[in-house]
Amino acid sequence: MSPATSTPVVSLREVSKIYGAGDVAVAALRSVDLTVGPGEYVAIMGASGSGKSTMMNIIGCLDEPTSGTYELQGHDVSGLDGDTLSLVRSRLIGFIFQSFHLIPRMTAAANVELPLLYGGVGRDERLERVREVLDLVGLSDRASHRPNELSGGQQQRVAVARALTMNPPLLLADEPTGNLDSTASADIMGMFDALHDEGRTIVLITHEDSVAEHAHRVVRVSDGQIVSDALRSPASGRYPHAQGSESVRA
Ligand code: ADP
Ligand code: MG
């Protein structure tokens, strides 16, 4: 049968995660169902300890559920071994972390090139792609700077560029503005808005309303369960890309 709808990027079915065992067991996720379709921009929100990072680690194939199934872009990744998982990760997911996770000794360009190196991409193509994505995040003139020669906002831009190099179907961000001041935060969130506008699928974890306001769908987690999952209407608040210059052509 030909599918009536497109394959979800993320599909969690009755996913539970239990850390430890016996008396010290912690149920960090309890039978979570979550489907994210192509082009969606989803914010996962919740208080500290609610299970956000656990969910991010599972969606990001950094950890496995205790039970339940996870399909990423139509592939069941529940039972894959570590090597296969890391391959899946590098092809299908672009990560953006709160603390940037750049390699300090390496220039911005070298940091961005790494996923391409691991992916076996040839030299000419690598250099071209690095130029493209650094240009996309507005850092062409900082290509040879090391992270400690860049501001926090610039470091996060490098991380966004690195996440885009392999053109993955999913961008996954954990508190991407958590280490940034308000100006740099707005800058990075504007970048996510633009990425969403060009059809990228984004799952972003945050505890800040001002960050979640950029997403079009907000999933709230409490005590390991999804307690609400709602679309934000463009009229309900700030929703810049709904009124942006690109959508008022015609
Ligand atoms: P959040 O990111 O929303 O703050 P986490 O997913 O980190 O929440 O944690 C959810 C629950 O699981 C918390 O009760 C936390 O203490 C527990 N937890 C997280 N990681 C571990 C671990 N490696 N071992 C034991 N318990 C953990
Ligand atoms: Mg966390």
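Residues numbered from 1 in each chain as written. Chains lettered and ligands numbered in written order. Predicted model: local features only at pLDDT ≥ 70, side-chain atom pairs only at ≥ 80, totals over all residues. Heavy atoms only, no water.

**Side note on the site of ligand 1**
Short version of the rule: By convention in this text, a residue qualifies as near a molecule or strand provided that one of its non-hydrogen atoms is within 4 Å of it. Think of a polar contact as two N or O atoms within 3.5 Å of one another; within protein, one of them needs to be a possible hydrogen donor and the other a possible acceptor, and neighboring residues in sequence only count if both atoms come from side chains. All accessible-area figures derive from a Shrake-Rupley calculation using a 1.4 Å probe, and residue coverage is judged against the displayed protein chains alone. Each residue gets one of three labels, nonpolar for Ala, Val, Leu, Ile, Met, Phe, Trp, Tyr, Cys and Pro, charged for Asp, Glu, Lys and Arg, and polar for the others, Gly among them.
If you check the shell around ligand 1, you find Tyr19, Val26, Ala28, Ala47, Ser48, Gly49, Ser50, Gly51, Lys52, Ser53 and Thr54 and nothing else. The backbone of serine 50 places a nitrogen or oxygen atom 3.2 Å from an oxygen atom of ligand 1. A distance of 2.6 Å separates an oxygen atom of ligand 1 from a polar side-chain atom of threonine 54. Burial of ligand 1 by the surrounding chains reaches 58%, relative to a free accessible area of 560 Å². In terms of residue class, the shell around ligand 1 is made up of 4 nonpolar, 6 polar and 1 charged.

**Brief notes about the pattern of salt bridges**
Which entries qualify depends on this criterion: Salt bridges are defined as contacts in which a side-chain nitrogen from Lys or Arg sits within 4 Å of a carboxyl oxygen from Asp or Glu. Numbering of helices and strands runs from the N terminus, with a helix taken as a DSSP run of H or I at least four residues long and a strand as a DSSP run of E at least two residues long. Burial status follows relative accessibility: with a 1.4 Å probe on protein chains alone, a residue under 20% of its type maximum counts as buried, one over 50% as exposed, and anything between as partly exposed.
One pass over the structure, following the stated rule, counts 10 salt bridges. Aspartate 229 is paired through a salt bridge with arginine 217; the nearest N and O atoms lie 2.8 Å apart. Here aspartate 229, found in strand β10 (residues 225–231), pairs with arginine 217, found in strand β9 (residues 217–222); they are 12 residues apart in sequence, far enough to count as distant. In this structure aspartate 229 comes out as partly exposed when scored by relative accessible area, which is 39%. If you follow the salt bridges from partner to partner, you end up with Glu40, Arg217 and Asp229 in one network.

**A closer look at the sheet that holds strand β1 (residues 10–19)**
The following threshold applies: Should DSSP find at least two bridges between two strands, the strands are taken to pair. Any two residues having at least one pair of non-hydrogen atoms within 4.5 Å are treated as being in contact. Axes, fitted as lines to C-alpha atoms, cover a helix only where it is in contact. Angles between the N-to-C directions of the axes lie from 0 to 180 degrees.
The strand order across the open sheet formed by 4 strands is β2-β1-β4-β5, and the pairing between neighbours is antiparallel. Looking along the sheet, the strands with just one partner apiece sit at the ends: β2 (26–36) and β5 (75–76). Two elements, β1 and β2, share 7 bridges in a ladder whose sense is antiparallel. Along β2, the bridge assignment pairs tyrosine 19 with valine 26. Together, β1, β2 and β4 (67–72) form the strand contacts of helix α1 (residues 52–59), whose direction differs from that of β1 by roughly 125 degrees.

**Topic: the sheet that holds strand β8 (residues 201–206)**
Taken in spatial order, the 6 strands make up an open sheet running β6-β7-β8-β3-β9-β10, and their pairing is mixed. Both outer strands of the open sheet, β6 (93–97) and β10, are each paired with one neighbouring strand and no more. The sheet shows a mean angle of 15 degrees between the axes of neighbouring strands, direction not considered. Note that β9 and β10 share 6 bridges and pair antiparallel. Bridge pairing in β10 places valine 221 opposite isoleucine 226.

**Quick notes on the environment of leucine 114**
Tracing the backbone shows leucine 114 in helix α3 (residues 108–118). Separated by 58 residues in sequence, leucine 114 and leucine 172 have C-alpha atoms that sit 18 Å apart. Apart from residues no more than four positions distant in its own chain, leucine 114 is found in contact with Ile103 and Met106.

**Some points on the confidence of the model for the protein**
Note the cut-off: Values of pLDDT, the confidence the predictor places in each residue, fall between 0 and 100.
Taken residue by residue, the protein gives an average pLDDT of 91. The fraction at 70 or more is 91%. Scored below 50 in pLDDT, residues 236–250 shows 23 contacts in the model against residues more than four places distant or in partner chains.

**Considering the pairing of β4**
Taken together, the 5 bridges between β1 and β4 define a ladder with antiparallel strand orientation. Opposite valine 10, over in β4, you have leucine 72 as the bridge partner. Strand direction decides the pairing type here: β4 and β5, joined by 2 bridges, are antiparallel. Residue glutamate 71 lies in a different strand from β5, and its bridge partner there is aspartate 76. Following β4, the chain reverses through 2 residues before pairing antiparallel with β5; glutamine 73 in that reversal takes a positive phi of roughly 50 degrees.

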